[in-house]
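One-letter residues, chain by chain:
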Amino acid sequence: GDSVTQMEGPVTLSEEAFLTINCTYTATGYPSLFWYVQYPGEGLQLLLKATKADDKGSNKGFEATYRKETTSFHLEKGSVQVSDSAVYFCALSRGQGGKLIFGQGTELSVKP
Amino acid sequence: EADIYQTPRYLVIGTGKKITLECSQTMGHDKMYWYQQDPGMELHLIHYSYGVNSTEKGDLSSESTVSRIRTEHFPLTLESARPSHTSQYLCASSEYTGSGKTQYFGPGTRLLVL
């Protein structure tokens, strides 16, 4: 069945460091791919998404490119801030049902 | 900005009590979902609905039940709470058609069953 695998956390970085969180997926057909972020004590909110191969999603300095050949959707940011500390979830959805399948989440901690 | 609300935000309750977690959205979305989130962060879909009078079980078996009598309202009920039900419960909604539609999440309910 469909699945999403994320890089293990927690990830600890210094402010202004470069961030990569790896995400790979297994799915038949052409899923849509998402990154959601969960700040402490809150629900999830959409960070970015891509709905077809080679699309790049971007928001708040974060980027991810839908790579069908490597079945990946890695999240990157050039310079992280303390306020980026949160849990990041990679997810896919496929078909008209729209159900999301989530990765296990990666906790990011950014130190000043 | 998403308008999806959950109450209560926190609930501590004794074993055997009946509880209802409320979820409401003002976006007119047809699809609604309930997820259970482990302390280890992983999210599991436990119920979903495609519209009024539609309810389906999700990927993770749950003793909870749901109802969808109105488009905007999707409550989750536990008839007899147990310590194993301790978790965070997240409600979400989305537009009906297409796999690329964003799901909007509520702030969650943290449930502790003693």
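This structure is a prediction, so every number in the text was calculated from the model and none was measured.

(A) Structural detail: the sheet that holds strand β3 (residues 19–25) of chain B. Taking strand neighbours across the sheet as the criterion, the four strands line up as β1-β3-β8-β7 (chain B) in an open arrangement whose pairing is antiparallel. Edge positions in the sheet fall to β1 (4–7) and β7 (65–66) of chain B, since each has one partner strand and no second.

(B) Spotlight on the interface of chain A and chain B. Contacts between the two partners involve 25 residues from chain A and, on the opposite side, 26 residues from chain B. Buried area between chain A and chain B, both sides added, is near 1,900 Å², and the carbon and sulfur share of it is 50%. Note that Lys99(A) is salt-bridged to Asp59(B), the shortest N-O span being 4.0 Å. Run the count over chain A and chain B and you get four residue pairs in polar contact (both at pLDDT 80 or more). Elements supplying a minimum of two residues to the side of chain A that touches chain B: β5 (32–38), β6 (44–50), β10 (86–93) and β11 (100–102) of chain A.

(C) Spotlight on the sheet that holds strand β3 (residues 19–21) of chain A. Residues and elements named next belong to chain A. Strand order in the open sheet made by the four strands is β3-β9-β8-β7, with antiparallel pairing throughout. For this open sheet the edge positions go to β3 and β7 (56–59), each flanked by a neighbour on one side alone. Neighbouring strand axes in the sheet, compared pairwise and without regard to direction, differ in orientation by 15° on average. Sheet analysis places β3 next to strand β9 (residues 75–77), joined by three bridges and oriented antiparallel. Residue pairing in the sheet places Ile21 in a bridge with Leu75 of β9.

(D) Region of the structure containing the environment of Leu111(B). Residues and elements named next belong to chain B. Here Leu111 lies in strand β11 (residues 109–113). By relative accessible area, which is 3% here, Leu111 ends up buried. Along the sequence, Leu111 and Thr86 sit 25 residues apart, while their C-alpha atoms lie 5.3 Å from each other. Excluding residues that lie within four positions of it along the chain, Leu111 makes contacts with Leu11, Ile13, Ile19, Leu78, His85, Thr86, Ser87 and Tyr89.

(E) Spatial organisation of the pattern of salt bridges. All names here are of chain B. According to the stated counting rule, one finds seven salt bridges over all chains in the structure shown. When the shortest N-O distance is used, the salt bridge between Lys18 and Glu79 registers 3.9 Å. Taken as a pair, Lys18 in the loop between β2 (10–13) and β3 and Glu79 in the loop between β8 (76–78) and β9 (87–94) lie far apart in primary sequence, 61 residues in all. Assigned by exposure class, Lys18 and Glu79 land together as exposed. Arg82 is paired through a salt bridge with Glu63; the nearest N and O atoms lie 2.7 Å apart. Taken as a pair, Arg82 in the loop between β8 and β9 and Glu63 in the loop between β6 (56–57) and β7 lie far apart in primary sequence, 19 residues in all. The class of Arg82 is partly exposed, set by a relative accessible area of 37%.

(F) Structural view of the environment of Thr109(B). All names here are of chain B. Inspection of the secondary structure assignment puts Thr109 in strand β11. What makes Thr109 buried here is its relative accessible area of 0%. Residues Thr109 and Gln88, 21 residues apart in the sequence, show an inter-C-alpha distance of 5.6 Å. Excluding residues within four positions of it along the chain, Thr109 makes contact with Gln6, Thr7, Pro8, Arg9, Leu21, Ser87, Gln88 and Tyr89. Here the side chain of Thr109 touches Pro8 through a polar contact of 2.5 Å, landing on its backbone oxygen.

(G) Spatial organisation of the pairing of strand β12 (residues 106–111) of chain A. Residues and elements named next belong to chain A. Sheet topology note: the strand β2 (residues 11–14)/β12 ladder contains four bridges and is parallel. Pairing of Thr12 across the sheet is with Ser109, part of β12. Examined bridge by bridge, β10 and β12 share three bridges and lie antiparallel to one another. Bridging across to β12, Tyr88 finds its partner in Thr106.

What counts, and where the lines are drawn
- Residues numbered from 1 in each chain as written.
- Chains lettered and ligands numbered in written order.
- Predicted model: local features only at pLDDT ≥ 70, side-chain atom pairs only at ≥ 80, totals over all residues.
- Heavy atoms only, no water.
- Pairing = 2+ DSSP bridges.
- Helix = DSSP H or I, 4+ residues; strand = E, 2+ residues; numbered from the N terminus.
- Contact = heavy atoms within 4.5 Å.
- Buried area = accessible area lost by both parts, 1.4 Å probe.
- Salt bridge = Lys/Arg side-chain N within 4 Å of Asp/Glu carboxyl O.
- Polar contact = N/O pair within 3.5 Å; in protein donor to acceptor, adjacent residues only side chain to side chain.
- Axes fitted to C-alpha atoms, helices over the stretch in contact; angles between N-to-C directions.
- Buried < 20%, exposed > 50% of the residue type's maximum accessible area, 1.4 Å probe, protein only.

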